[in-house]
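Given next are the chains, with one letter for each unit.
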Amino acid sequence: MQAAVYEALGQTADVDLLFHATVTALDLPAPTAAHALGPAHATITTTSASTSAAGAGSPGEPKTVRARLVVGADGGASAVRRLAGLGTWGWGYGQDAVVCTVRLADDSNNGPATAWQRYLTHPAGPVALLPLWGGYASVVWSCPTPDAQV
Ligand SMILES: Cc1cc2nc3c(=O)[nH]c(=O)nc-3n(C[C@H](O)[C@H](O)[C@H](O)COP(=O)(O)OP(=O)(O)OC[C@H]3O[C@@H](n4cnc5c(N)ncnc54)[C@H](O)[C@@H]3O)c2cc1C
């Protein structure tokens, strides 16, 4: 999916791509009326040599981007969410995941072609074997917290 998105964006002249960069500051306009917000200013700091149609920044060099829409798609510990001051709520399920990477005995060296997942009888499971590359796979076993700590 990532490769397809990059390819599509690469064919669009007015999109600048900035890699190896992280959002370090976000200046949002005061919310007077939701439909009348001005542009946000995001400060993005490069973490290594980056590529952009607008010119690459040096490592560690901050770059300010102005945008009318900022999408925070940066995961569970979203910096965009934190910098925007957005709160979250959640609850525990009494489970943790035991995660590790294993090398498969299969000497084809290609790893499993598809993911394998088994739903065990409550409260255990599910346990999954997810293909990586080069004969490696990721094990993810969701189990009751006390079992995960053993
Ligand atoms: C061990 C484990 C097992 C899981 N198993 C399943 C499952 O079986 N089925 C299922 O549906 N879901 C599963 N999930 C949940 C699933 O992985 C997440 O819900 C999903 O990946 C969230 O997608 P996302 O795009 O919101 O965030 P992510 O996939 O976390 O992507 C966020 C991206 O933002 C980047 N980023 C973070 N901070 C910054 C920053 N400051 N600046 C720039 N970039 C940044 C990160 O590098 C990352 O590339 C599992 C999660 C874990 C941890």
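So, here is what we can say about the structure in this document. All of these numbers come straight from a predicted model, not from anything done at the bench. (Residues numbered from 1 in each chain as written. Predicted model: local features only at pLDDT ≥ 70, side-chain atom pairs only at ≥ 80, totals over all residues. Heavy atoms only, no water.)

Focus: the site of the ligand
What counts, and what does not: We call a residue near a given molecule or strand whenever any one of its heavy atoms falls within 4 Å of it. Any pair of N or O atoms that falls within 3.5 Å is considered a polar contact. Within protein, one atom must be able to donate a hydrogen and the other to accept it, and sequence-neighbouring residues count only if both atoms are side-chain atoms. Here the Shrake-Rupley method, with its probe set to 1.4 Å, supplies the accessible areas, and only the displayed protein chains count as covering residues. Numbered from the N terminus, helices here are DSSP runs of H or I no shorter than four residues, and strands are runs of E no shorter than two. Amino acid classes used here: Ala, Val, Leu, Ile, Met, Phe, Trp, Tyr, Cys and Pro are nonpolar; Asp, Glu, Lys and Arg are charged; the rest, including Gly, are polar.
Around the ligand, the surrounding shell consists of A21, T22, V23, A73, D74, G75, A79, V99 and V140. Residue T22 places a side-chain N or O atom 2.7 Å away from a nitrogen atom belonging to the ligand. A distance of 3.4 Å separates a nitrogen atom of the ligand from a polar atom in the backbone of V23. Protein coverage of the free-state accessible area of the ligand, which is 1000 Å², stands at 29%. With three residues, strand β1 (residues 21-27) is the largest single contributor of residues to the shell around the ligand. In terms of residue class, the shell around the ligand is made up of six nonpolar, two polar and one charged.

Things to note about the sheet that holds strand β2 (residues 40-46)
Put simply, the rule reads: Strand pairing is defined by DSSP finding a minimum of two bridges between the two strands. Lines are fitted to the C-alpha atoms to define the axes, a helix being fitted only along its stretch in contact, and any angle between axes, read from their N-to-C directions, falls within 0 to 180 degrees.
Read across the sheet, three strands follow the order β1-β2-β3 without closing on themselves; strand pairing throughout is antiparallel. The open sheet is flanked by β1 and β3 (62-67), the only strands paired with a single partner. Strand-to-strand, the axes of this sheet are offset by a mean angle of 30°, without reference to chain direction. Where β2 meets β3, six bridges bridge the pair, whose relative direction is antiparallel. By the bridge assignment, A42 is partnered in β3 with V65.

Notes on a nonpolar patch on the surface
To keep things clear, this is the line we draw: The patch calculation keeps residues exceeding 30% relative accessible area without a salt bridge and links them within 9 Å when they carry like charges or within 5 Å when they are nonpolar (Val, Leu, Ile, Met, Phe, Trp, Tyr). Between Lys or Arg on one side and Asp or Glu on the other, a salt bridge is scored when a side-chain nitrogen of the former is within 4 Å of a carboxyl oxygen of the latter. Exposure is judged per residue with a 1.4 Å probe applied to protein chains only, and the accessible area is read against the type maximum: over 50% gives exposed, under 20% gives buried, and values in between give partly exposed.
A cluster of nonpolar side chains, namely W89, W91 and Y93, defines an oily patch on the protein surface of about 550 Å² accessible area. Tracing the backbone shows W91 in the loop between α2 (79-83) and β4 (95-103). In this structure W91 comes out as exposed when scored by relative accessible area, which is 59%.

What about the pairing of β2?
Look at any regular strand and the pattern is simple: side chains alternate between the two faces of the sheet. Among the seven residues that make up β2, five are buried, leaving the element largely enclosed by the rest of the structure. In this sheet, β2 lies alongside β1 in antiparallel orientation, the contact comprising six bridges. Paired with A25 across the bridge in β2 is T43.

Let's talk about the packing of aromatic side chains
Here a ring pair, both rings aromatic, is described through the centre-centre distance and the interplanar angle of the planes. This is how it is decided: Between rings of Phe, Tyr and Trp, where Trp is taken as its six-membered ring, a pair exists when centres lie within 6.5 Å; planes separated by under 30 degrees are stacked, by over 60 edge-to-face, and by other angles tilted.
Summed over all chains, the structure comprises two aromatic pairs. Measuring from ring centre to ring centre gives 5.2 Å for Y6 and F19, while their planes differ by 80°; the resulting arrangement is edge-to-face. Of this pair, Y6 sits in helix α1 (residues 2-10) while F19 sits in the loop between α1 and β1, and the two are 13 residues apart along the sequence. Overall, Y6 belongs to the partly exposed group, its relative accessible area being 37%. For F19, a relative accessible area of 27% corresponds to the partly exposed category.

Digging into the layout of surface pockets
To be explicit about the condition: Here a cavity is any set of points on a 1 Å grid over the protein atoms alone where a 1.4 Å probe fits but cannot get out, and a pocket is any open set with protein on both sides within 12 Å along at least 5 of 7 lines; a residue lines the site when it has an atom within 4 Å of a point. Grid points are joined across faces, edges and corners, and a volume is the space filled by probe spheres set on the points.
Roughly 960 Å³ of internal volume is contained in the largest pocket. In this structure, the largest pocket is lined by 28 residues; those nearest its centre are D16, L18, V23, I44 and V71. Grouping the amino acids of the lining of the largest pocket by side-chain chemistry returns 20 nonpolar, five polar and three charged.

Re the side chain of S142
Condition: Here, residues are in contact when the closest pair of their heavy atoms is within 4.5 Å.
Here S142 lies in strand β7 (residues 136-144). You can call S142 buried: its relative accessible area is 19%. In this view, S142 contacts Q95, D96, A97, A124, G125 and P126; residues no more than four positions away in its chain are not counted.

Quick word on unusual backbone geometry
With an omega of 5°, the peptide bond running from H122 to P123 counts as cis. When you line up the elements, P123 lands in the loop between β5 (116-118) and β6 (127-131). A cis amide bond links G125 with the next residue in sequence, P126, at an omega value of 0°.

Structural measurements only, silent on function.
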